[in-house]
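So the chains spell out like this:
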Amino acid sequence: MTNFTHPFLDLDGDKLREECGVFGIIGNSAGSNMAASVCALGLHALQHRGQEAVGITSFDGAEFFTSRGLGHVAENFSSAESLAELPGHMAAGHVRYSTTGGAGMRNVQPLYADLASGGFAVAHNGNISNARKLRQELVQKGAIFQSTSDTEVIIHLVATSRYPTMLDKLVDALRLVEGAYALIVMTPRGMMACRDPLGIRPLVMGKLGDATVFASETVAFDVVGAEFVRQVEPGEFVEVDFDGTVRTHRPFGVISPRPCIFEHVYFSRPDSIFNQRSVYASRRSIGAELAREEPVEADLVLPVPDSGVPAAIGYSQESGIPFELGIIRSHYVGRTFIQPGDATRHSSVARKHNANRAIVEGKRIVLIDDSIVRGTTSLKIVQMMRDAGAKEVHFRVASPPTGHGCYYGVDTPERSKLLAGRMDLAAMREFIQADSLAFISIDGLYRAVGLPGRDNACPQYCDACFTGDYPTTLTDLALKREQEAQLNLPVGKVA
Ligand code: SF4
């Protein structure tokens, strides 16, 4: 008999969360009042990058208009009335999952300010790792902040820059900034899009008729019918005027890039192209590499849905072990589900994910997941498979152990809450109660994304959450530790 010990199991709960997605459009093809509509559609395709809040700012040649709201894109921008409030042929938008600054309307982007040089709107994906220090310096000089978002620091730095052009002001501001940023900026003269010198967060550029579009991922171009042109290069500033002129600048020179390798593993949608590679193909290759590195005798390969599916296909194809769906997702269990009384609360109908007993019972199974964060969900999945009659449950993970926090715009629990931050492999296996547990190696992950392995002298990606090798200084972290050390006054032993 099925033991319903995990009635509300939600496999999406224990993941690292990419915090933002951005989309921008400038040009006549958008139509005089259509830029915001295209922007809303693009943001809808990026909804997986942030579900907490959404905002769009448009410009009609004279004025800026902003509309922001909590919740999903469709809840805020699906009606003609909501989009009619955003006229113009330039618009930029943002979907957000709050990291720095916390939740709340005042942190919902795009942020807008009237500067001496004119209106300035910015949508930011990433995290500024010295925002706290910069903010303290700006406040000491008299700056008054409206939000607690790190992005507002950029506005203040631009506002106080003494350079004459907006491009130079922005470059001047960003020279002071550490960390990760993919920005879309709107001014009365046009749009600018740029990435930090290491290109940690993604940003791509496309064409929609005469209009130029920017987005966090190529999938947004597919959805709005735009053509993918290229990625905005790490450290590149792209300026687009209203007449369609595109200018590109590399003010920081060319530095070896370090894009986030976790985009290949989990953050990007599988139908996107990231760093010149199909995300789906990368994930399948990761699964194949994992099968070569960590084989196991089993009857079935089962993905942990949905993100484990491409890697499980790769593992199955490489190992020859059949692929099956052993965990089924209900698409009708939402937050608004009215919790029934005790008698029915344990009904399998209420489950977001349920074991497919007919497939699992009596079988030796290999579960494939993209990552393990706290491990609590992995434990529940293993238990669910055993409850459904699995004879052996082996766990294979399509990324190396996540043992370190991310300071580049990804919501990570503190290290003490990361399973790999506090346990070795044997203890992790015991914790999740699997018969065996193995992760892809860091070199295996690099091989799966088309490289010979990790170049330890000059790593090709940011992989800090796996290796602890951060590609930038982490000024705020050091500052926080210093302040905490000052607060924790040493107290002598009381006899
Ligand atoms: S620390 Fe991890 S999640 Fe954060 S940017 Fe680097 S690879 Fe990506």
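Residues numbered from 1 in each chain as written. Predicted model: local features only at pLDDT ≥ 70, side-chain atom pairs only at ≥ 80, totals over all residues. Heavy atoms only, no water.

A. Layout of the pattern of salt bridges. If you walk through the whole model with that rule in mind, you get 20 salt bridges. When the shortest N-O distance is used, the salt bridge between Glu-289 and Arg-447 registers 3.0 Å. A residue pair is termed long-range when its members are at least 10 positions apart, and Glu-289 in helix α9 (residues 279-293) and Arg-447 in helix α16 (residues 442-448) qualify at 158 residues. For Glu-297, the salt bridge goes to Arg-364, with nearest N and O atoms at 3.9 Å. One end of the pair, Glu-297, is in the loop between α9 and β17 (300-303); the other, Arg-364, is in strand β20 (residues 364-369), and 67 residues separate them in sequence. A relative accessible area of 22% places Arg-364 in the partly exposed class. A cluster of three or more residues bridged by salt bridges with shared partners is formed by Glu-289, Arg-292, Glu-293, Glu-318 and Arg-447. (Salt bridge = Lys/Arg side-chain N within 4 Å of Asp/Glu carboxyl O. Helix = DSSP H or I, 4+ residues; strand = E, 2+ residues; numbered from the N terminus. Buried < 20%, exposed > 50% of the residue type's maximum accessible area, 1.4 Å probe, protein only.)

B. Representation of the packing of aromatic side chains within the structure. Counted under the stated rule, the structure contains 10 aromatic pairs. Ring centres of Tyr-266 and Phe-267 lie 6.0 Å apart, and the angle between their planes is 65 degrees; this geometry places the pair in the edge-to-face category. Note on Tyr-266: relative accessible area 22%, which makes it partly exposed. With a centroid separation of 5.5 Å and 55 degrees between ring planes, the pair formed by Tyr-407 and Tyr-470 is classed as tilted. (Phe/Tyr/Trp six-rings, centres within 6.5 Å; stacked < 30°, edge-to-face > 60°.)

C. Quick peek at the site of the ligand. In the neighbourhood of the ligand, 13 residues make up the surrounding shell, with Arg-201, Cys-260, Cys-406, Cys-462 and Cys-465 lying closest. Spatially, the ligand is embedded in the largest cavity. Of the residues that constitute the shell around the ligand, the class distribution is 11 nonpolar, no polar and 2 charged. (Near = heavy atom within 4 Å. 1 Å grid on protein atoms, 1.4 Å probe; cavity = no way out; pocket = protein on both sides within 12 Å on 5 of 7 lines; lining within 4 Å. Sits in = over half its atoms within 2 Å of the grid points. Nonpolar A, V, L, I, M, F, W, Y, C, P; charged D, E, K, R; others polar.)

D. Layout of helix α10 (residues 309-319). When α10 is considered as a whole, its buried residues turn out to be Pro-310, Ala-311, Ala-312, Gly-314, Tyr-315 and Ser-316. Turning to α10, the residues buried within the fold contact α9, β17, β20 and β21 (392-397). Among the residues trailing α10, Gly-320 stands out with phi positive, at a value near 80 degrees. (Contact = heavy atoms within 4.5 Å.)

E. Expanded view of empty space enclosed by the protein. In this structure the tally under the stated criterion is 3 cavities of 30 Å³ or more. Volume-wise, the largest cavity comes out at about 90 Å³. Taken together, 14 residues line the largest cavity, and the ones lying closest to its centre are Cys-260, Cys-406, Tyr-408, Cys-462 and Cys-465. Broken down by secondary-structure element, the contributors of at least two residues to the lining of the largest cavity are α8 (262-267) and α17 (464-467). Within the lining of the largest cavity, the residues separate by chemical class into 12 nonpolar, 1 polar and 1 charged. (Points joined across faces, edges and corners; volume = space filled by probe spheres on them.)

F. Structural view of the packing of helix α4 (residues 131-140) against helix α5 (residues 151-160). Two elements in contact, α4 and α5, have axes whose closest approach is 10 Å; the angle formed by their N-to-C orientations is 45 degrees. Between α4 and α5, the angle falls in the class oblique. The two elements α4 and α5 cross, and the hand of that crossing is left-handed. Contacts from Ala-131, Leu-134, Arg-135 and Leu-138 in α4 reach Val-153, His-156, Leu-157 and Thr-160 in α5. Taken together, the residues of the contact of α4 with α5 sort by class into 5 nonpolar, 2 polar and 1 charged. (Axes fitted to C-alpha atoms, helices over the stretch in contact; angles between N-to-C directions. Parallel < 35°, antiparallel > 145°, perpendicular 65-115°, else oblique. Left-handed = near helix turned anticlockwise from the far one by under 90°.)

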